[in-house]
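Report on the structure
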Amino acid sequence: MIYLDNAATSWPKPPGVVEAMTRFMEQVGANPGRSGHRLSVEAGRIVYEARELVAALLHLSDPLRVVFGANATEALNLAFRGYLRPGDHVVTSSMEHNSVMRPLRALAAGQQGGPIDLTVVPCSPQGFLRPEDLEAALRSNTSMIALSHASNVCGSLLPVREAGAVARRHGCLLLVDAAQTAGVYPIDMEADRIDLLAFTGHKGLGGPTGTGGLVIGERVALERLAPLKRGGTGSRSELEEQPGFLPDVFESGTANAVGLAGLAAGLRWILDRGVGAIRQHEVALASQLITGLDETEAVTVFGGKDAARQTATVSFNLSGLEPSEVGLRLDDEYEIMCRVGLHCAPAAHRTLGTSPGGTVRFAPGAFNTMAQVDEALQAVREIARQA
Ligand SMILES: Cc1ncc(COP(=O)(O)O)c(C=O)c1O
């Protein structure tokens, strides 16, 4: 079996992840940050360690600026619904996932806050955004630029560092959706001038589902960012109002401590191995995949077809076959797991010209080998020959 669906969720998980979760359930088990007994203290230590590891990965000096939540989607909703006010203008790209697009569209329609003004800057048919087009879209009332770091459809990297410079010049915030890059591509919140970063724990970070969060940079006015939910935090229990300090203000309710124990183990593995080494491996996989697919008759590869300018996620189609049919045959006949269709990113598919049918998406990860990529290419060649 070959798993090529790491853009949806990574699998297998790094060594140590399952063990850390099992250890938590068998030996710790308590509620972090609530009680004073040793098990609760140990649970709190594990959660704090996960915070420190996220901060280390992103070159962030203050781990308390890492706010944990269920996934990237929740983090993005917190950032958008918590920060944006009626009359704010937001600039985003046409390569966004629906977890960026849907909350912004709802705010633009005056639902759950807003109405905001929204500009979606068109990207090239290869899925790239020109920084000058981004800057040209800014207005005097622009309060946020919101960009995916990389497309979940074709892997194209968006110009986050340039966007950071644009945001500083215009006095607005840069939010980055790092769901596809955290753990597999170097990120430096300071150097990249990222103000808000949404991450998910279950993809490149090697953690379990149900983990993720929002990293809040120092330029974000905390008093302006309203929590999505309020409730028990284990701190300032004498108050009937939400405490105002990080991370508690945004972390009401019992944390997914067992998940965060797993996430911490995933992060330790990534930091030990090095994001640079993981990136190098994924560039090699992507390069082999792009070349092999591109050489196959009847196959169209989407995106920039340059491994250096994208993640390892590669989208393609086979002429005369629906993506769903290709996916089914890959699963049934070759035991190759991939994802087909629109990948929760309809605007990206319109940009790439692959709407409404979508594409077949191969997304190798840190544990895939070049031999597996070769096998997948062989399978595509056979299916193409029979088409
Ligand atoms: C670019 C991008 N943003 C956001 C998300 C949402 O992540 P999650 O489902 O973990 O909330 C995904 C997940 O597929 C994604 O690919």
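Computed from a prediction, not measured in an experiment: that's the story for all the values here.

Concerning the nonpolar core
Across soluble globular proteins, nonpolar side chains show a tendency to be buried alongside one another. Counting 58 residues, the largest nonpolar core has F68, I145, L197, F199 and V215 as its most contacted members. Once you skip the residues sitting within four places of it in the chain, L197 turns out to touch L58, V176, A178, I187, M189, G213, L214 and V215. Membership of the second largest hydrophobic core comes to 28 residues, among which are L4, V301, I336 and L377.

Quick word on the site of the ligand
T73, D177, Q180, T200 and K203 are the nearest of the 13 residues found near the ligand. Measuring from an oxygen atom of the ligand, one finds a side-chain N or O atom of H97 at 3.3 Å. Within the side chain of D177, a nitrogen or oxygen atom sits 2.5 Å from a nitrogen atom of the ligand. In terms of residue class, the shell around the ligand is built from two nonpolar, nine polar and two charged.

Brief notes about the environment of R81
By the secondary structure assignment, R81 is in helix α3 (residues 72-83). Sequence-wise, R81 and V215 are 134 residues apart; in three dimensions their C-alpha atoms are separated by 15 Å. When sequence neighbours within four positions are dropped, the list of residues in contact with R81 reads L107, Q112 and L228.

Regarding helix α1 (residues 17-28)
In this model, α1 (12 residues) spans 15 Å end to end at C-alpha, consistent with the 16 Å of a helix rising 1.5 Å per residue. The set of residues buried in α1 consists of V17, A20, F24 and V28. Summarising the axial view, the buried residues of α1 lie within an arc of 65 degrees, below the 170-degree limit, and thus occupy one face. Residues of α1 that are exposed and angled more than 90 degrees away from the buried face: V18, E19, M25, E26 and Q27. Structurally, α1 contributes buried residues whose contacts are with α2 (38-57) and α7 (257-273). A positive backbone phi angle near 70 degrees is found at G29, which sits one or two residues after α1.

Overview of the sheet that holds strand β8 (residues 212-216)
Taken together, seven strands build an open sheet; the order of strands is β2-β8-β7-β6-β5-β3-β4 and the sheet is mixed. Pairing within the sheet leaves two strands with one partner each, and these edge strands are β2 (66-69) and β4 (117-121). Neighbour-to-neighbour, the strand axes of the sheet open up by a mean angle of 20 degrees, direction not taken into account. The pairing of strand β3 (residues 89-93) with strand β5 (residues 142-148) spans four bridges and is parallel. From the neighbouring strand, H89 faces β5, where its bridge partner is T142. Packing against the sheet, α3 makes contact with β2, β5, β6 (173-177), β7 (196-200) and β8, and its axis sits at approximately 155 degrees to β7.

So, how was this worked out
- Residues numbered from 1 in each chain as written.
- Predicted model: local features only at pLDDT ≥ 70, side-chain atom pairs only at ≥ 80, totals over all residues.
- Heavy atoms only, no water.
- Core = buried A, V, L, I, M, F, W, Y, C linked by side-chain atoms within 4.5 Å.
- Buried < 20%, exposed > 50% of the residue type's maximum accessible area, 1.4 Å probe, protein only.
- Contact = heavy atoms within 4.5 Å.
- Near = heavy atom within 4 Å.
- Polar contact = N/O pair within 3.5 Å; in protein donor to acceptor, adjacent residues only side chain to side chain.
- Nonpolar A, V, L, I, M, F, W, Y, C, P; charged D, E, K, R; others polar.
- Helix = DSSP H or I, 4+ residues; strand = E, 2+ residues; numbered from the N terminus.
- Expected span 1.5 Å × (residues − 1).
- Arc of directions from axis to C-beta.
- Pairing = 2+ DSSP bridges.
- Axes fitted to C-alpha atoms, helices over the stretch in contact; angles between N-to-C directions.

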